[in-house]
Amino acid sequence: MDVDFLLIGQGLAGSILAYRLHSAGAKVYLVDDANPNSSSKVAAGLYNPITGRKMVKTWLADALFANIEPFYGELERALNQRFLYPTGIYRPFVSYEEQNEWIAKSADTQYDHYIDKVLSNPTFPGVNDSYGGLLLKSSGYVAIKPLLQAFKTWALDREILMQCRFSVDTRSRDHRGYWKFAHICARNLVFCNGVAAGKAPFFDWVPFTPVKGEILTVRQDFCTREIINRGVFRIDMGEGLGKVGSTYNNRELDLNPSLAGKKELLDKLSQLIPAGVQEITDHQVGIRPAIRDRRPVLGQHPSEKNVYLFGGLGAKGVSLAPFFSLQMRDFLISDKEPQKEVNINRFFKYI
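Treat the numbers as computed from the prediction; the structure is a model and nothing was measured.

Caption draft 1: Spatial organisation of the overall build of the protein chain. When helices and strands are tallied, the protein chain shows seven helices and 20 strands. For a compact globule of 351 residues, the expected C-alpha radius of gyration is about 20 Å, and the protein chain comes in at 21 Å, within 12% of that figure. In terms of principal-axis extent, the alpha carbons of the protein chain reach across some 70 × 45 × 40 Å. Here the analysis covers contacts within the protein chain between residues at least 6 apart in sequence; of these, 71% occur between residues at least 24 apart. Of the roughly 16200 Å² that the protein chain leaves accessible, carbon and sulfur atoms contribute 48%.

In structure tokens, the structure reads:
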């Protein structure tokens, strides 16, 4: 079978890029190793416009967040599966100074799309919010596991997905220069397989800095419609369950749930929501494909002209994927270069 693009990895990056390319009329095929511990399959899927300890507007927020809900809504309809959950995020203040700072910021029009309310008094029963907090809009989460399962079904129905390990080298070409793998002959290879792409011979010079993340599902006498987020996030899953995360560990990169990770999450959760945890029903681990400068990486191999990389989405993959998959699609189809902050050519000096 001849195809235009063979995509390696059916995580969030590969699935969304495949959908973009297929919708544009390209012939696409995917290969995936069905790893249950891939970062996409265990991620909580938050999209949050105000992030970090300093509570700042996330990088490229206006461009990114204009795409998030329209795109995932379109994908829900295409896959006939619900996975988009627009939900307010409540971030308690830690001081009166922070409260005053956000009262002032709320008058700034650049925050109009993201601030729902600035609350100066405790408002959420069961939350440690002595100084009030910031209620955000244009936020929520994407349930990535059902998204990927629905996309897998969609791709299998169209016979454009193979589940197996992928291996190819510079000799794996036919007389036309097409890449050969199993019954597929592809004009172009696109690596979308997270940290594994950095272990492949084509992209072993890209400065991936993998980060281990752990997430708990807990049973707790607490419920709210909003996501509570300060130090850790808690997404209410209904029936007394909440998803709590996440840790950031760039030293220990195994896939084993750790006692230290569990303790860190439970300690931070107790500071945010004092209600005791009755039971831990799940403890998941994934390795995020972060890049040294914390920006995605898009583009073409410097010498292998039909080999590409789309990755490095890291912890904000749900927010980044809709916008940058468009840039990657336009580069692959129309040769329109990605913007410089994410262009792979910024790392050519490391080869």
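From this point on, the discussion continues.
Caption draft 2: Expanded view of the sheet that holds strand β8 (residues 115–119). If you walk across this open sheet you meet the eight strands as β8-β9-β7-β15-β16-β17-β14-β18, and the pairing is mixed. The open sheet has two edge strands with one neighbour each: β8 and β18 (277–288). Strand-to-strand twist across the sheet, computed as the mean angle between neighbouring axes with direction ignored, equals 20°. With four bridges connecting them, strand β7 (residues 89–92) and strand β9 (residues 133–136) associate as antiparallel partners. When the bridges of β9 are listed, Ile-89 appears paired with Leu-136. Against the sheet, helix α4 (residues 96–105) contacts β7, β8, β9 and β15 (227–230), and its axis sits at roughly 140° relative to β8. Contacts between helix α6 (residues 259–272) and the sheet are confined to β7, β14 (211–220), β15, β16 (232–238), β17 (241–245) and β18, with β14 contributing the most and set at about 55° to the helix.

Caption draft 3: Examining the nonpolar core more closely. Counting 76 residues, the largest nonpolar core has Leu-7, Tyr-72, Val-190 and Phe-191 as its most contacted members. Beyond its immediate stretch of four places on either side in the chain, Val-190 contacts Phe-5, Leu-6, Leu-7, Ile-8, Leu-17, Tyr-308, Phe-310, Met-328 and Leu-332. One finds Tyr-111, Leu-136, Phe-233 and Ile-235 within the second-largest nonpolar core, a separate group that totals 16 residues.

Cut-offs and rules
Residues numbered from 1 in each chain as written. Predicted model: local features only at pLDDT ≥ 70, side-chain atom pairs only at ≥ 80, totals over all residues. Heavy atoms only, no water. Helix = DSSP H or I, 4+ residues; strand = E, 2+ residues; numbered from the N terminus. Rg over C-alpha atoms; globule rule 2.2 N^0.38 Å. Contact = heavy atoms within 4.5 Å. Areas by Shrake-Rupley, 256 points an atom, 1.4 Å probe, with all protein chains shown as cover. Pairing = 2+ DSSP bridges. Axes fitted to C-alpha atoms, helices over the stretch in contact; angles between N-to-C directions. Core = buried A, V, L, I, M, F, W, Y, C linked by side-chain atoms within 4.5 Å. Buried < 20%, exposed > 50% of the residue type's maximum accessible area, 1.4 Å probe, protein only.

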